[in-house]
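Understanding the architecture of this molecule
Residues per chain, in single letters:
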Amino acid sequence: MTAPPTETPFPETEEPDDQRTAIAALGHELRTLVDATVTTAAPTEILHRMADEVRGLTGQLTGRRRRRAEIPAVDEFPGGVRMYSPVTGLGSPLAPPLRVAPDGDGVVGHCTLGIAHEGPPGYVHGGMSAMLLDELMGWACYAAKSPAMTVSLGMRYRRPVPVETPLRVHARVTGTEDRKAFVTGSISTEETPSVPLVTADAVFVSPGPGRARALFPST
Ligand SMILES: CCCCCCCC(=O)SCCNC(=O)CCNC(=O)[C@H](O)C(C)(C)COP(=O)(O)OP(=O)(O)OC[C@H]1O[C@@H](n2cnc3c(N)ncnc32)[C@H](O)[C@@H]1OP(=O)(O)O
C-alpha cells in the first residue's frame, strides 16, 4: 500500500538554510534538465525512456503545501527570499533565476536567458522580458519602502534581446502619489549596458491594509 502524502514538504526539524540549499540544488538540476530538454536531438526511444524516468522521479516529490497563498516556511515575505519565484527563485525550474541587488536609487538584476525562454529564434520571448521587468520594478518599489502590486505595465520593445547572453535589468521608482508608485525599467546586455533593448513604465499600487489582509492571509 502506498503511504499517504505528508502534509508538509520538509520535517519541521530541518534547518531553513539546509532546506534552501537542497531546494536550490534541485532547482539548478531541473533548469539544466529543462535546457537539455528544449535543445536535445536525442532519438524518440531515449525521449520515451526519459519521460518514464522523469515520471518516476516526480513521484518521489511527496507532500504539498496545504492551501493557496500559503507562504513556504523557507520564504521571507514580503521583500525577502522567494525560493519558488518564477523570476528570482533558486528552487524554480522556470526562473532564469534573476539575481537582484541595490543600485544607486534603484535595483539591478542580472541573468542569462536560455533557449527555453526563446520567442523569435535566437531571441527572448517578449513575455519573458515583461516578466523580468515587472518583477524588478516590484523590487524597486520594495527598496523605496513602498511594497506594491502592478496595476499597469507598458512595454517598449526597441531591439530583440538575445538568448544565452548575460543581461542587465534595471528599475527605479521615479515618483509616488499616495499609494501609487511610478516606476521605470530597462533591459540591456551586460556588454553594452548603455543601449536599452527593452524599456518599461509601470504604475504600482500598495494595497490598503484591509485589502492586503484579504489578499495575503498568511502574513
Ligand atoms: C518584491 C518582489 C515583488 C514582485 C511582484 C511582481 C509584481 C506583480 O506581478 S504583482 C501581480 C500583478 N498585479 C496584480 O495582480 C494586482 C491586481 N490589482 C489589485 O489587486 C488591486 O488593484 C490593488 C490591490 C493593487 C489595489 O486595490 P485597492 O487597494 O482597492 O486600490 P484602488 O482603490 O483600486 O486604487 C488605488 C489607486 O490606484 C489607482 N489605480 C488603480 N489602477 C490603476 C491603473 N491601472 N493605472 C493607474 N492608476 C490606477 C486608483 O485610481 C487609485 O487612485 P486614487 O486613490 O487617486 O483614486
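The shown structure was predicted, so the numbers you read here are calculated from the model rather than taken from an experiment.

A separate point is the overall build of the chain. Helix and strand content of the chain: four helices and six strands. Each helix (α) and strand (β) of the chain, taken in turn from the N terminus, gives the series α-α-β-β-α-β-β-β-β-α. Projected onto its principal axes, the C-alpha coordinates of the chain cover approximately 60 × 45 × 25 Å. Sequence separation of at least 24 residues holds for 63% of the intrachain contacts in the chain that already meet a minimum separation of 6.

A few words now on the pairing of strand β4 (residues 166–177). The pairing of strand β2 (residues 106–112) with β4 spans seven bridges and is classified as antiparallel. Following the sheet pairing, glycine 106 is matched in β4 by arginine 172. Between β4 and the antiparallel strand that follows it, strand β5 (residues 180–189), lie two residues; aspartate 178 among them carries a positive phi value of about 50°.

The environment of the ligand is made up of 18 residues, and the closest members are Gly138, Met149, Val151, Ser152 and Pro207. Sorting the residues of the shell around the ligand by element identifies α3 (126–143), β3 (149–157) and β6 (198–205) as the ones contributing at least two each. No other element matches the five residues that α3 contributes to the shell around the ligand. For the shell around the ligand, a count of residues per class yields seven nonpolar, five polar and six charged.

Conventions we followed
Residues numbered from 1 in each chain as written. Predicted model: local features only at pLDDT ≥ 70, side-chain atom pairs only at ≥ 80, totals over all residues. Helix = DSSP H or I, 4+ residues; strand = E, 2+ residues; numbered from the N terminus. Contact = placed C-beta atoms within 7 Å. Pairing = 2+ DSSP bridges. Near = placed C-beta within 6 Å. Nonpolar A, V, L, I, M, F, W, Y, C, P; charged D, E, K, R; others polar.

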